[in-house]
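Coordinate inspection notes
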Amino acid sequence: MESGAIDVESIPGPVDLSTTLESGQTFLWCRLDGETYSQPVRSGESRWYRTVHHRDVVDVRQTDSALEWRSTTDAVPILEERLRLGDDLDRVLATMPSEPVLQEAVRRFPGLRLVDEPFFPTLVSFILSAQMHVKRIHGLVSVLRREYGNPIPVPDGCRGAGGDETAYAFPDPQTLAEASEEALRDLGTGYRAPYVVESATMVANDAVPPDTIRELPYEEARDRLTEFVGVGDKVADCVLLFSLGAMEPVPLDTWIRSAIAEHFPSADRGSYGETSAAIRERLGPNPGYAQTYVFHYLRSQ
DNA sequence: ACCCAGGATGTAA
DNA sequence: TTACATCATGGG
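So, here's what we can say about the structure. Computed from a predicted structure; not experimentally measured.

**A few points about the protein's contact with DNA strand C**
Inspection of the region around DNA strand C gives Gln131, His133, Arg136, Arg185, Gly188, Gly190, Tyr191, Arg192 and Ser271 as its neighbouring residues. The sugar and phosphate moieties of DNA strand C supply 62% of its atoms located within 4 Å of the protein. Measuring from a phosphate oxygen of DNA strand C, one finds a side-chain N or O atom of Arg185 at 2.8 Å. Within the backbone of Tyr191, an N or O atom sits 3.3 Å from a sugar or linking oxygen of DNA strand C.

Now the structure itself:
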């Protein structure tokens, strides 16, 4: 049991933990107040969040001056990576185009950061995301962890905020590869069940190695990712943006498409690839960040 | 009852 | 290449 704090002054630019974790980029953290992901929280409110990193429990909350953590290991490098604390958000936000919808999103949610989460859990999360609401995706991922994930005992020092005695890691590729389609359907995954099993099998066989994809040019990487079953252009963009370190992707979901129709109509070129390229041009040097701000802003209305 | 959700796949033109 | 039906499921 270790604990500590990361001074917000040591982070380049603002941080908003709750918005970052609950804005639908990651489904791998749970709130210790028992709520599932919900709509944005009032800033300044202090909530504990928990995830399992490999075999370690990591709890974190935000106070006025710091990100406080407690964990079975040193959580600092984990938080720095997964919350992208190294990103100079002041610089990123300064380069946002002067489109009103973007500027308003930045004004409303300064401190919203992109995440950099583990590959396989992110892949499965966004395979499940097809035609589902953010809240339900989080619920499904939580059920997968509970039903198939390795149980991790939570140390005494981590139970102060009403946490459970056991946390669950996201299941390994091999485990989901061996899961039965029907069992997964019964959990509520619907027609996505075979996608999960087949893609998990591919990951277990290292059919499309993520470390190789990281090295590819963005659009090439997106094409490779669509080799997974249940992964089209949109889900591939999410996986690249939220777990493989790419900063260009602008996942064209229903919210972003409606934003394009309303605010950037000339960027609608019909096909995914052409529209994607056109909207990236309009969103400045950090399209991925711009997209995340617009997505969360529209969804919070 | 209808419509929507961080869409993908298979098939037909 | 693009167009369209189909795919589960829960919540508004």
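**A few points about unusual backbone geometry**
With a phi close to 55 degrees, His54 is a non-glycine residue in the positive phi region. As for its position among the elements, His54 is in the loop between β3 (49-53) and β4 (56-62). A relative accessible area of 64% places His54 in the exposed class. With phi around 55 degrees, Asp206 is a residue other than glycine that occupies positive phi space. Looking at the element boundaries, Asp206 is found in the loop between α9 (193-204) and α10 (210-214).

**Brief notes about the protein's contact with DNA strand B**
Around DNA strand B there are 27 residues in total, and Gly24, His133, Val134, Asp253 and Gln291 lie nearest to it. Within the backbone of Gly24, one N or O atom sits 2.5 Å away from a base nitrogen of DNA strand B. One of the side-chain nitrogen or oxygen atoms of Thr254 is found 3.2 Å away from a phosphate oxygen of DNA strand B. Elements supplying a minimum of two residues to the surface near DNA strand B: α12 (233-243), α13 (254-263) and α15 (287-300). With four residues, α12 is the single largest residue contributor to the surface near DNA strand B. Looking at the surface near DNA strand B residue by residue, the classes come out as 15 nonpolar, nine polar and three charged.

**Quick word on the environment of Asn286**
Relative to the assigned elements, Asn286 resides in the loop between α14 (272-282) and α15. As a C-alpha pair, Asn286 and Glu182 span 104 residues in sequence and 41 Å in three-dimensional space. In contact with Asn286, not counting residues within four places along its chain, are Val92, Thr95 and Met247.

**Focus: the sheet that holds β4**
Pairing within the open sheet is antiparallel, and its five strands lie in the order β1-β5-β4-β3-β2. This sheet does not close on itself; its edge strands, each paired only once, are β1 (2-7) and β2 (30-31). Direction of pairing for β2 relative to β3: antiparallel, over a ladder of two bridges. Within β3, the position partnered with Arg31 by the bridge is Tyr49.

**As for helix α11 (residues 218-225)**
Burial in α11 covers these residues: Tyr218, Ala221, Arg222 and Leu225. The buried residues of α11 all sit within an arc of 100 degrees when viewed along its axis, so they share a single face. Those residues of α11 that are buried are in contact with α5 (119-128), α10, α12 and α14.

**Digging into the pairing of β4**
Two faces make up the sheet, and in a regular strand the side chains alternate between them. Counted residue by residue, β4 has five buried out of seven residues, so it is predominantly covered. Across five bridges, β3 lies against β4 in antiparallel orientation. Bridging from a neighbouring strand, Thr51 pairs with Val58 of β4. Hairpin geometry of β3 and β4 is characterised by an intervening segment of two residues between the two adjacent antiparallel strands and by a positive phi of about 55 degrees at His54. In this sheet, strand β5 (residues 66-71) lies alongside β4 in antiparallel orientation, the contact comprising five bridges.

**A look at the environment of Val57**
Note that Val57 resides in strand β4. What makes Val57 buried here is its relative accessible area of 0%. As for Val57 and Thr72, which are separated by 15 residues in sequence, their C-alpha atoms are 5.7 Å apart.

Parameters and conventions
Residues numbered from 1 in each chain as written. Chains lettered and ligands numbered in written order. Predicted model: local features only at pLDDT ≥ 70, side-chain atom pairs only at ≥ 80, totals over all residues. Heavy atoms only, no water. Near = heavy atom within 4 Å. Polar contact = N/O pair within 3.5 Å; in protein donor to acceptor, adjacent residues only side chain to side chain. Helix = DSSP H or I, 4+ residues; strand = E, 2+ residues; numbered from the N terminus. Buried < 20%, exposed > 50% of the residue type's maximum accessible area, 1.4 Å probe, protein only. Nonpolar A, V, L, I, M, F, W, Y, C, P; charged D, E, K, R; others polar. Contact = heavy atoms within 4.5 Å. Pairing = 2+ DSSP bridges. Arc of directions from axis to C-beta.

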